[in-house]
Amino acid sequence: MSAANGPTGHVVVVGGGISGLAAAHRLLAGGARVTVLEASARVGGKLYAGELAGVPVDLGAESMLARRPEAVDLARAVGLGDRLRPPATATAALWTRGGLRPMPKGHVMGVPGDLAPLAASGVISEEGLARIAEEPRLPRAELTEDVALGGFVAERLGREVVDRLVEPLLGGVYAGDVYRTSMRAAVPTLFDATRAHGSLTEGARALAARSAAAQAGPVFTGIDGGIGRLPLAVADAVRAAGGEIRTGEPVRLLRPAATPGGSRADGAARWTVVTERGEALEADAVVLAAPAPVAARLLAADSPAASAELATVAYASMALITMAFRRADAAGLPQGSGFLVPPVDGHTIKAATFSSRKWGWLGEADPELFVLRTSIGRFEDEADLSRDDDDLVGISLADLGRATGLAARPVATRVDRWQGGLPQYPVGHLDRVTRIRAEVAKLPGLRVCGAAYDGVGIPACVASARTAADELLESMAATLARGAGHRERE
Ligand SMILES: CC1=C(CCC(=O)O)c2cc3nc(cc4[nH]c(cc5[nH]c(cc1n2)c(C)c5CCC(=O)O)c(CCC(=O)O)c4C)C(CCC(=O)O)=C3C
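Residues numbered from 1 in each chain as written. Predicted model: local features only at pLDDT ≥ 70, side-chain atom pairs only at ≥ 80, totals over all residues. Heavy atoms only, no water.

In the nomenclature of an unreviewed UniProt entry, the protein chain corresponds to Coproporphyrinogen III oxidase from the organism Streptomyces sparsogenes DSM 40356. On record in UniProt, under Function (unreviewed entry), the comment for the protein chain is "Involved in coproporphyrin-dependent heme b biosynthesis. Catalyzes the oxidation of coproporphyrinogen III to coproporphyrin III." In its Cofactor (unreviewed entry) section, the UniProt entry covering the protein chain states "FAD". (UniProt positions renumbered as here; feature names shortened; annotations may be inferred.)

A. Local environment of the packing of aromatic side chains. Under the criterion given, the structure shown has 4 aromatic pairs. Members of the aromatic cluster, each reached through a chain of ring pairs, are Trp-95, Phe-339 and Phe-354. The lysine or arginine in question, Arg-42, covers the ring of Tyr-48, its NZ or CZ lying 3.7 Å from the ring centre. (Phe/Tyr/Trp six-rings, centres within 6.5 Å; stacked < 30°, edge-to-face > 60°. Lys NZ or Arg CZ within 6 Å of the ring centre and 35° of its normal.)

B. Layout of unusual backbone geometry. For Ala-53, which is not glycine, the phi torsion reads 50° and is therefore positive. With respect to the secondary-structure elements, Ala-53 resides in the loop between strand 3 (49-52) and strand 4 (55-58). For Met-109, which is not glycine, the phi torsion reads 45° and is therefore positive. Tracing the sequence through the fold places Met-109 in the loop between strand 9 (107-108) and strand 10 (111-112). (Helix = DSSP H or I, 4+ residues; strand = E, 2+ residues; numbered from the N terminus.)

C. Seen up close, the sheet that holds strand 18 (residues 338-340). What the 7 strands build is an open sheet, ordered 8-7-18-19-20-17-21; its pairing is mixed. With one partner strand each, in any of the chains shown, strand 8 (99-102) and strand 21 (412-423) form the two edges of the open sheet. Strand-to-strand twist of the sheet, defined as the mean angle between neighbouring strand axes without regard to direction, takes the value 30°. Inspection of the sheet shows strand 17 (residues 315-326) paired to strand 20 (residues 369-376) by 8 bridges, in the antiparallel sense. Within strand 20, the position partnered with Thr-322 by the bridge is Arg-373. (Pairing = 2+ DSSP bridges. Axes fitted to C-alpha atoms, helices over the stretch in contact; angles between N-to-C directions.)

D. Examining the side chain of Thr-201 more closely. Tracing the sequence through the fold places Thr-201 in helix 9 (residues 200-214). Residue class for Thr-201 comes out buried when judged on its relative accessible area of 7%. Those residues within four positions of Thr-201 in sequence are excluded, and the remaining contacts are Pro-112, Gly-113, Ile-132, Glu-135, Pro-136 and Leu-157. (Buried < 20%, exposed > 50% of the residue type's maximum accessible area, 1.4 Å probe, protein only. Contact = heavy atoms within 4.5 Å.)

E. Region of the structure containing the sheet that holds strand 11 (residues 220-223). Taking strand neighbours across the sheet as the criterion, the 3 strands line up as 5-11-6 in an open arrangement whose pairing is antiparallel. The open sheet is flanked by strand 5 (64-65) and strand 6 (84-85), the only strands paired with a single partner.

Here you go:
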């Protein structure tokens, strides 16, 4: 849709994270006038370009899937195409059973399709491996309905695979409990393949073979200077296209226009968006791209049913501890991008990312420094997050020392706390999202998007934003056409 013949309605986007910004970008391309209201002092949400010891570092997400097109397409559209950088290393480790062991290849989110690399990794005991090998002879996996991934995998393959592989990997994605996470929502391709093959390991094998055959380039990409540059570049593009972005502008309430049914005579939706400062903005449409608790609050009056469902979306909190070392001091660290830590092993950190190994641009920014980060905290296991920053740094250094032998002190550290950072997708999540969208659809000119719905990754957020924007552009265009029809008949 070109700007010339696009609709000319005004859309207020609530939330200036990557979802809200992507929605704004798309709405502007479709000819809408756009105002983005971001409650906090900066745009970007969970993508946060920061600095440590004078070098640019990501203080939030640091990588995004490149196998899906949406995020990479957006990066290209806002001029970051030549800054996309795949990770310099794609090998990682697991800190388990008393040491660092290579992350085996040939799995789908920890569910093995190939036993040989798993056996070679030493991650699973002999008995555990024998149990996995039996799986194709179990009764067919029917999967007629959504299940908890952890329980389902444990039933068919034993708990070792869940606790040592699936849990740490999914723990990265959701900071959640894999025994409660929805298989359909978290690993939809594995859910479908397992159903098709009647076996988890055969489903995983088929998926792994398919992605090996596709040879579609790196799984992930970063951005020179940090993934945190993506929302900044999208925000620049939004402003350049005439969009307005206001930070430090929380929204107090949404109100349908005073006309009966909240609609004008031409059937147009009308919303009044009232900010905390008391300003009332008139809008033809609203995109709610804020976290679920905020969407729940804003919809409480006009869609109690959607609001109640949104209020059930739980969030995990975590902290990222970023540290800069003198490069010589970090020389003894193992190769690879970092390691994951299964909770069963009883350590506090849940992952370590060797940022300077992973991202060449970090080394170029200051060749004398080595940056790494650890993460602490997962859903309902957040007691450690009440510790102060120095404690979190100390715990991280102690765990890093035990895992890798690193004994040096960092030259700079910082702790970033992501309170309510990652939405949880429990069993039945997709049905919940369907119900939320059905309720929201009863309100003309309103859409929701973001990490609480169709996936927590950056491409999924961008995709949900695009869909929201496209649907509103279409309904505004239809409204305008009806309005033109009215005038012609008058
Ligand atoms: C949101 C998200 C997605 C979903 C993306 C989307 O759906 O769009 C995802 C996917 C994946 N993550 C994967 C692997 C790893 N994740 C790690 C670490 C982490 N991930 C995190 C989040 C996510 N992770 C987080 C908050 C950490 C903690 C540390 C940190 O934030 O610094 C680490 C350890 C550190 C390192 O080695 O870097 C590894 C090895 C693989 C498997 C790759 C393969 O099979 O080859 C996949 C698909």
